[in-house]
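Below, each chain spelled out in residue letters.
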Amino acid sequence: MDCVSRNLLRLLTDKAEEITVLFPQEAHTLVESINVKSMDMKSQLYNLEIKKKGVTEDGWNCISCPGGLTAEGKCHCPTGHILVERDVNGTLLSEATCKLCEESENSFTIANALGNRCVQCEPTFINTSRSCVCSEPNILTGGLCFSSTGNFPPRMISAARYGDLGMSFTSEWFAEYLQSSAAACWVYANLTSCQALGNMCVMNMNSYDSTTFDACRLFQFIFENTAGLGTVHSVSFWRQNLPWLFYGDQLGLAPQVLSTTPLPTNFSFKGENQYTKLKFVAASYDVRGNFLKWQTLEGGVLQLCPDTETRLNAAYSFGTTYQQNCEIPISKILTDFPTPTFYDVYLEYTDENQHQYIWAVPVLNLNLQHNKIFVNQDSSSGKWLLTRRIFLVDALSGRENDLGSQPRLIRVATQISLSIRLVPNTKNGNIYPPLITIAYSDIDIKDPNSQSVKVSFSVTYEMDQGEAHVQTDIALGVLGGLAVLLSLLKTAGWKRRIGSPMIDFQTVMKFLVYYAGDLANVFFIITVGTGLYWLIFFKAQKSVSVLLPMPAQEERFVTYVGCAFALKALQFLHKLISQITIDIFFIDWERPKGKVLKAVEGEGGVRSATVPVSIWRTYFVANEWNEIQTVRKINPLFQVLTVLFLLEVVGFKNLALMDSSSSLSRSPPSYIAPYSRILRYAVSTALWLVIGIIQIVFFAVFYERFVEDKIRQFVDLCCMSNISVFLLSHRCFGYYIHGRSVHGHADTNMEEMNMNLKREAENLCSQRGLIPNTDGQTFQIAISSQMRQQYDRIHETLTRKNGPARLLSSSGSTFEQSIKAYHTMNKFLGSFIDHVHKEMDYFIKDKLLLERILGMEFMEPMEKSIFYNDESYSFSSVLYYGNEATLLIYDLMFFCVVDLACQNFILASFLTYLQQEIFRFIRNTVGQKNLASKTLVDQRFLI
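Criteria and cut-off values
- Residues numbered from 1 in each chain as written.
- Predicted model: local features only at pLDDT ≥ 70, side-chain atom pairs only at ≥ 80, totals over all residues.
- Heavy atoms only, no water.
- Disulfide = S-S within 2.5 Å.
- Helix = DSSP H or I, 4+ residues; strand = E, 2+ residues; numbered from the N terminus.
- Buried < 20%, exposed > 50% of the residue type's maximum accessible area, 1.4 Å probe, protein only.
- Core = buried A, V, L, I, M, F, W, Y, C linked by side-chain atoms within 4.5 Å.
- Domains from an automatic or database assignment.
- Contact = heavy atoms within 4.5 Å.

Naming follows an unreviewed UniProt entry, where the chain appears as Meckelin of Tursiops truncatus.

Structure, rendered in structure tokens:
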């Protein structure tokens, strides 16, 4: 051995203990590498190496180890041995020892998992094999030993079913723990094992199949064979030591659970006893069946979508319809929910004696299969099977071979709905037990970072709408019957006015049109009444007695609104067509003032001729008539803008939210409930009608009195222009405006005009009325058939060649014929008014009160026409002015229909004003053409 080796050997011998403790592997390599010729010295080095020193279990000291070391540098003992480092009084031994645990019948001990204590073997091993080894033919599963000769069902299915994807596969979790949990629950009534078995049944969607022994079938087997254990809290579905999973599988049981016993507590929105908080609590369990804690559902326990705590907790404010939707990445779900947590949900309530109780909340699992049938998706509640326990995410049962691997499939509660139903006819806010409806989606995991899932959470409130529907049907039947009678009266009046006693196809169509308008009013009254009922009674109630209809229950109401709009639109179009097809003629009473000399073409001479009467007065009156055709009692733009301002700026739209608050404002951090279509309709109609009525009253009381009354001004203009208006809205019925000047002529200069007005103001001339010494200038007229026939003969010549619009391109003879026909009509109507034609005479009378109410005439004009005194200026019925109610309701219905379709008041306002302007343009344009064709007024002079 060289000098270096001898010195290294001496150092290694002196420091052997320190080196072997700090560097055990390096020491062994070093011994092998040293060139030692003496085998005794090398053996000595090997002995030093074997007696290694390790770190004690508490990490405070070093100690000699009897064997090898662990990776952490601590002493290691063989299997079945425990490590002893200190004596009974805690003194550290000089060298650790490995003690063998006695597995014989005397002690039945075995080393624990940490290898520091001998503990008694699992009792199932001792009871089954009388040892700490579970040898065949006994069954070792889940760390428990069971006898193979028991009466436990031998066939077990470890499959997890995924109905959405139409597949099932062996779950590693079920394969590892299903048999042991079921055996421990059945044989030893182990509470934790029973909970774990129940959890596996819930993970399998509580699905039951009588032909296979899966988790739920095993649970049901144990439930049926442990009747002797008794029940918990006298609940027949809740067996001792077992979790409460089912309500039973009897048909018709679900309606009994949900609708038999009201919750003994009262809810109120306002007042001293205000109670609007739903206090839901849940008992939570982990997947192994261990009870975790009691916890409230506030803070988003059942809500997968993230949000502020205020908005999450709004779900449990009574009367607030709640909706939450979001899309969550699969990667986040796998991170947040590695193992499922299970919840048994209860509702905490206080009875009349202020004692607190909890009420079990039933669950309707839409994925549940009973003998391979999705019974809970049936529309009949009598076939439902209610359950109790739920979870949010199951990323465990979808693992196939390794519980530590990524799951192949996961199951997520994508739809959770909490429905609360009011007890019928309650006055104190009593409800039935809430129902949790849950739907799971099965997701095939491919790329968690790119996959996502849409989830929703909602709280809905409902009440029995049967009585409301019956009352609505009664109102619809009664008012509909009255509408039929009213339409028959209108049709009878129309038949009399057209002078036709025959009932033909035109009569039937006219009746249907009238009935459409009246039925539209019926639907409008019913929908407005219904909407205001829900708005007032829901928002203003103290103790809860009514709840808003659910969106599905609103469909009937929306249908009524649609019918009202469609029928009202038909009525509006009918009136519009009727107005633009009336017969009208301006009677010019002006007479020539003398004669003038006029050159004769082709003769080279002159002759005297009558001074022509100016046509400008007729044009002026025609223009004024054209202007008042679309005059209304309200300002449409002001109407739309005011309603929009009140809804959007003032905040009246907040009254349409599906919550109990009557405030017009909402704070930004608070939860905003969805809108009720019924309440939106109610708020819109109320504001529209109020603003419209205010405008009409202001127009009638103030504006027409002190600013401008265009209808009466038009009558005054006719009188000042010495022109009367003869108007026929029906074949034998119409209106007459007597505009004959009391001064004899109107085509005069300014001085004479002012003098005439002064004389009239000082009562120095006769009155303007058709009857001497009266002021009656407006009349409803019912003309005889003979009078109408004569009118048609003259009018046919007047409107030849499609009216005056084509006169410039027509022949001179045609133009002259039209001029002659105009003068003939003017002369005929003037003579008719002056009683010249005895065979076509008329008389004047007042209408009876009943005639005014019914809007028809009892007396038929046989030989003589009838002029009815009309102080209400009813000729405005052929104008927009006289149909304000129809126009107001039509605009309102258009606004509401657009809003119900798009849930946007701004868009509804814009489109409403746009259609108003479109129809106004159509009415003016077509009305001008009709006016020009009927009166020979050139359309170019109509502004």
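Now, onward.
Draft legend 1. Representation of the state of the cysteines within the structure. For the structure on display, the rule yields eight disulfides. Here cysteine 185 engages in a disulfide with cysteine 194; their sulfurs sit 2.0 Å apart. Looking along the S-S bond of the cysteine 185-cysteine 194 disulfide, the torsion reads about 100°, which is the right-handed sense. Across the disulfide from cysteine 305 sits cysteine 326; the S-S distance is 2.0 Å. Its S-S torsion of about -95° marks the bond between cysteine 305 and cysteine 326 as left-handed, since a negative value means left-handed. Of the two residues, cysteine 305 is situated in the loop between β14 (291-296) and α10 (309-313) and cysteine 326 in strand β15 (residues 322-329); the sequence distance between them amounts to 21 residues. Look at cysteine 305 and you get buried, because its relative accessible area is 4%. The thiol of cysteine 62 is unpaired, and the distance to the nearest cysteine sulfur, on cysteine 65, comes to 9.2 Å. Sulfur of cysteine 718: no disulfide; nearest cysteine sulfur belongs to cysteine 719 and is 8.6 Å away. Residue classification places cysteine 718 among the buried residues on the basis of a relative accessible area of 0%.

Draft legend 2. Looking closely at the nonpolar core. Ranked by size, the top nonpolar core spans 139 residues in total, and within it Phe280, Leu302, Phe318, Val345 and Ile410 carry the most contacts. Residues from two domains meet in this core; each of domain 2 (119-226) and domain 3 (253-366 + 374-465) gives at least three. If near-sequence neighbours (up to four positions away) are discounted, phenylalanine 318 is found in contact with Phe267, Phe269, Thr276, Leu278, Ile420, Ile431, Tyr461, Val544 and Ser660. Within the second largest apolar cluster, 29 residues are counted, among which are Ile628, Phe714, Tyr868 and Tyr881.

Draft legend 3. Geometry of the side chain of threonine 321. Relative to the elements of secondary structure, threonine 321 occurs in the loop between α10 and β15. Here threonine 321 falls in the buried class, since its relative accessible area comes to 8%. What threonine 321 contacts, discounting residues up to four positions off in sequence, is Val459, Tyr461, Met658, Tyr671, Ala673 and Pro674.

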